[in-house]
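Working through the structure, step by step
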Amino acid sequence: MKNPFYYGGAVSSVHFCNRIDEIKELKADINSGLNTLIYAPRRFGKTSFVLKTMDELNDQKVKYVFLDLMYLSTLDEFINKYFNVLAKSLEEPTDKIVNFFKSVLGIRPNINVNFDANGVPSFSLALNNEDKTKSLEEVLNIPLAFAKEGQKIVVIFDEFQEIANFDLEAKMRSVIQHHSDKVSYIFMGSKKSLLHAMFLDKNRPFYKSVKHFKIKEIRKESWSEFISSKFKATKKEIDSHYIDKIFELTKGFPYYTQQFAYELWNQSEDKVDDVIFAKTLKIIIEREEDLFSVEWDNLTPNQKKALKIALEKDGKSLYDEQYLAKYQIKSASFQTALNGLVQKNITDRNSEGYYFADPLFEFWCNR
Ligand SMILES: Nc1ncnc2c1ncn2[C@@H]1O[C@H](COP(=O)(O)OP(=O)(O)OP(=O)(O)O)[C@@H](O)[C@H]1O
Ligand SMILES: [Mg+2]
């Protein structure tokens, strides 16, 4: 029988749990043409959430384009990849697409079309230095051109903080501010400190230009229902206290919760028991071990001390003379180390104090 759980890439339909309120809210924002910033840690379900929302909007004839900036390294690459996803979103025959850009947009440089082994086209522009700025502007304005043709469009940039690398921030902001409610932009990313700097620093072009959209861990009741019903449907059993135990470890973090459920299901013949649970935990920790060690090795000695203090004090009232003395760290260095941990996305803070961004890394460190 097929495992009813899944972890890895984005999930949809049967593998998707809850987020009902968030989907409703994002839909409303898109319909009003708001631009949003969606920040969440790695593997938190950003892509799944946004694509699920788009799926539901599709009924209302809204198109979307999705561009992940993570692996782009030059401005040319950005222009071409963006142009390509926009062209493809037209879902028209190749010659029609080329004609559309030539007539409606007057894109000046030659449009190149390459076909892969399966005959799937990809589009790019022959860029030269003289008219590169012009081409960039034209490409950035394509969504507006679509909107003028009556097509509602949502542009999703994943790992958006990366645009700072191609010196594009000011240009992009100046172009898209004229798209106002005709095009919705969703900026996503997992590097909180970089995104914050970008959107909350008065001197940066995107300062206060978006709604900050929060997605939270998925609630325990939703996971309980999700996990137990899938066990039941596949004729296996899981007692609710094991679901509580999963939740204690993963804190509702989507990737790990699915991973746990997946492995538990795999390990159990018909019923989860203590032995199976312990074995599953061991498997999962072993699998993540290498990554966690690298993460630990990448910390400075003071950051390691700060992390230990944060663990021992559960993230609260950290400036404790006794602990600072125990780990032989001065208050000022401790402060620097804590900031460094936030910058490295190892910890984050809320009104109650500091907490680990990754619940399993916390568990591993604790052990
Ligand atoms: N709503 C959800 N319901 C159930 N599982 C989910 C949900 N969202 C995410 N997951 C789990 O988390 C995994 C990662 O999800 P996704 O790729 O959407 O996260 P992400 O934040 O975009 O990750 P990345 O930082 O790698 O881009 C999925 O494979 C799935 O196991
Ligand atoms: Mg993603």
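**Section: the environment of Glu91**
Position of Glu91 relative to the elements: it lies in the loop between α3 (75-89) and α4 (94-105). With a relative accessible area of 66%, Glu91 lands in the exposed category.

**As for helix α9 (residues 220-233)**
With 14 residues, α9 should cover 20 Å at 1.5 Å per step; its first-to-last C-alpha distance of 20 Å lies within 8% of that length. Turning to α9, its buried residues are Ser222, Trp223, Phe226, Ile227, Lys230 and Phe231. Taken end-on, α9 shows its buried residues confined to a sector of 150°, consistent with a single buried face. Counted as exposed and oriented over 90 degrees from the buried face of α9: Glu221, Glu225, Lys232 and Ala233.

**A few points about the packing of aromatic side chains**
Both the distance between ring centres and the angle between the ring planes are used here to describe each pair of aromatic rings. One pass over the full model with this rule turns up 33 aromatic pairs. Pairing Trp223 with Phe226 gives two aromatic rings, centres 5.5 Å apart and planes at 80°, and the pair type is edge-to-face. One end of the pair is Trp223 and the other is Phe226, both in helix α9 and three residues apart, which spans about a single turn. The buried category is assigned to Trp223, whose relative accessible area is 3%. Ring centres of Tyr255 and Tyr256 lie 5.5 Å apart, and the angle between their planes is 70°; this geometry places the pair in the edge-to-face category. Across this residue pair, the class does not change: Tyr255 and Tyr256 are buried. Every member of this aromatic cluster is reached through a ring pair, and the members are Phe78, Tyr82, Phe157, Phe160, Phe166, Tyr185, Phe187, Phe199 and Phe206. Just above the ring of Phe16 sits the side chain of Lys52; from NZ or CZ to the centre is 5.2 Å. Over the face of the ring belonging to Trp265 we find Lys236, whose NZ or CZ atom lies 3.7 Å from the ring centre.

**Some details on the site of ligand 1**
Neighbouring ligand 1 are 23 residues; Gly9, Cys17, Arg42, Thr47 and Ser48 lie closest to it. Here an oxygen atom of ligand 1 and a backbone polar atom of Tyr6 are 2.8 Å apart. Within the backbone of Tyr255, a nitrogen or oxygen atom sits 3.4 Å from an oxygen atom of ligand 1. Protein burial of ligand 1: of its 630 Å² of free accessible surface, 96% is covered by the chains. Here the residues of the shell around ligand 1 are counted per class, giving twelve nonpolar, seven polar and four charged. Taken together, domain 1 (19-214) and domain 2 (220-295) each give at least three residues to the shell around ligand 1, which thus spans both.

**Side note on unusual backbone geometry**
Positive phi, normally seen in glycine, also occurs at Ser13, with a value near 35°. Its location among the elements puts Ser13 in the segment before α1 (20-31). For Asn18, which is not a glycine, the phi torsion comes out positive at approximately 55°. Relative to the helices and strands, Asn18 resides in the segment before α1.

**Notes on the domain arrangement of the protein**
According to the domain assignment, the protein consists of domain 1 (19-214), domain 2 (220-295) and domain 3 (299-366). Each of domain 2 and domain 3 has a C-alpha centre, and the two are 28 Å apart. Contacts between the two partners involve 13 residues from domain 2 and, on the opposite side, ten residues from domain 3. Both sides together, the interface formed by domain 2 and domain 3 hides about 1,100 Å², and carbon and sulfur atoms give 72% of it. Counting the surface domain 2 buries against domain 3, the share from its top three residues, Leu249, Phe292 and Glu295, is 47%. Counting every contact that joins domain 2 to domain 3 gives one salt bridge. Lys251 is the partner of Glu362 in a salt bridge, and the nearest nitrogen-oxygen pair spans 2.8 Å. Summed over the shared surface of domain 2 and domain 3, the result is three residue pairs in polar contact (both at pLDDT 80 or more). Secondary-structure elements contributing two or more residues to the side of domain 2 that touches domain 3 are α10 (240-250) and α12 (274-297). Take the side of domain 2 that touches domain 3: its biggest share by element is eight residues, from α12. In terms of residue class, the side of domain 2 that touches domain 3 is built from seven nonpolar, two polar and four charged.

**Some words on the packing of helix α13 (residues 301-312) against helix α15 (residues 331-343)**
Where α13 meets α15, the axes come as close as 8 Å, and the angle between the chain directions of the two elements is 85°. Classified by the angle their axes make, α13 and α15 are roughly perpendicular. Taking contact as the criterion, the partners of Asn302, Gln303, Ala306, Leu307 and Ile309 in α13 are, on α15, Ser333, Phe334, Ala337, Leu338, Gly340 and Leu341. Looking at side-chain class alone, the contact of α13 with α15 contains seven nonpolar, four polar and no charged residues.

Cut-offs and rules
- Residues numbered from 1 in each chain as written.
- Chains lettered and ligands numbered in written order.
- Predicted model: local features only at pLDDT ≥ 70, side-chain atom pairs only at ≥ 80, totals over all residues.
- Heavy atoms only, no water.
- Helix = DSSP H or I, 4+ residues; strand = E, 2+ residues; numbered from the N terminus.
- Buried < 20%, exposed > 50% of the residue type's maximum accessible area, 1.4 Å probe, protein only.
- Expected span 1.5 Å × (residues − 1).
- Arc of directions from axis to C-beta.
- Phe/Tyr/Trp six-rings, centres within 6.5 Å; stacked < 30°, edge-to-face > 60°.
- Lys NZ or Arg CZ within 6 Å of the ring centre and 35° of its normal.
- Near = heavy atom within 4 Å.
- Polar contact = N/O pair within 3.5 Å; in protein donor to acceptor, adjacent residues only side chain to side chain.
- Areas by Shrake-Rupley, 256 points an atom, 1.4 Å probe, with all protein chains shown as cover.
- Nonpolar A, V, L, I, M, F, W, Y, C, P; charged D, E, K, R; others polar.
- Domains from an automatic or database assignment.
- Contact = heavy atoms within 4.5 Å.
- Buried area = accessible area lost by both parts, 1.4 Å probe.
- Salt bridge = Lys/Arg side-chain N within 4 Å of Asp/Glu carboxyl O.
- Axes fitted to C-alpha atoms, helices over the stretch in contact; angles between N-to-C directions.
- Parallel < 35°, antiparallel > 145°, perpendicular 65-115°, else oblique.

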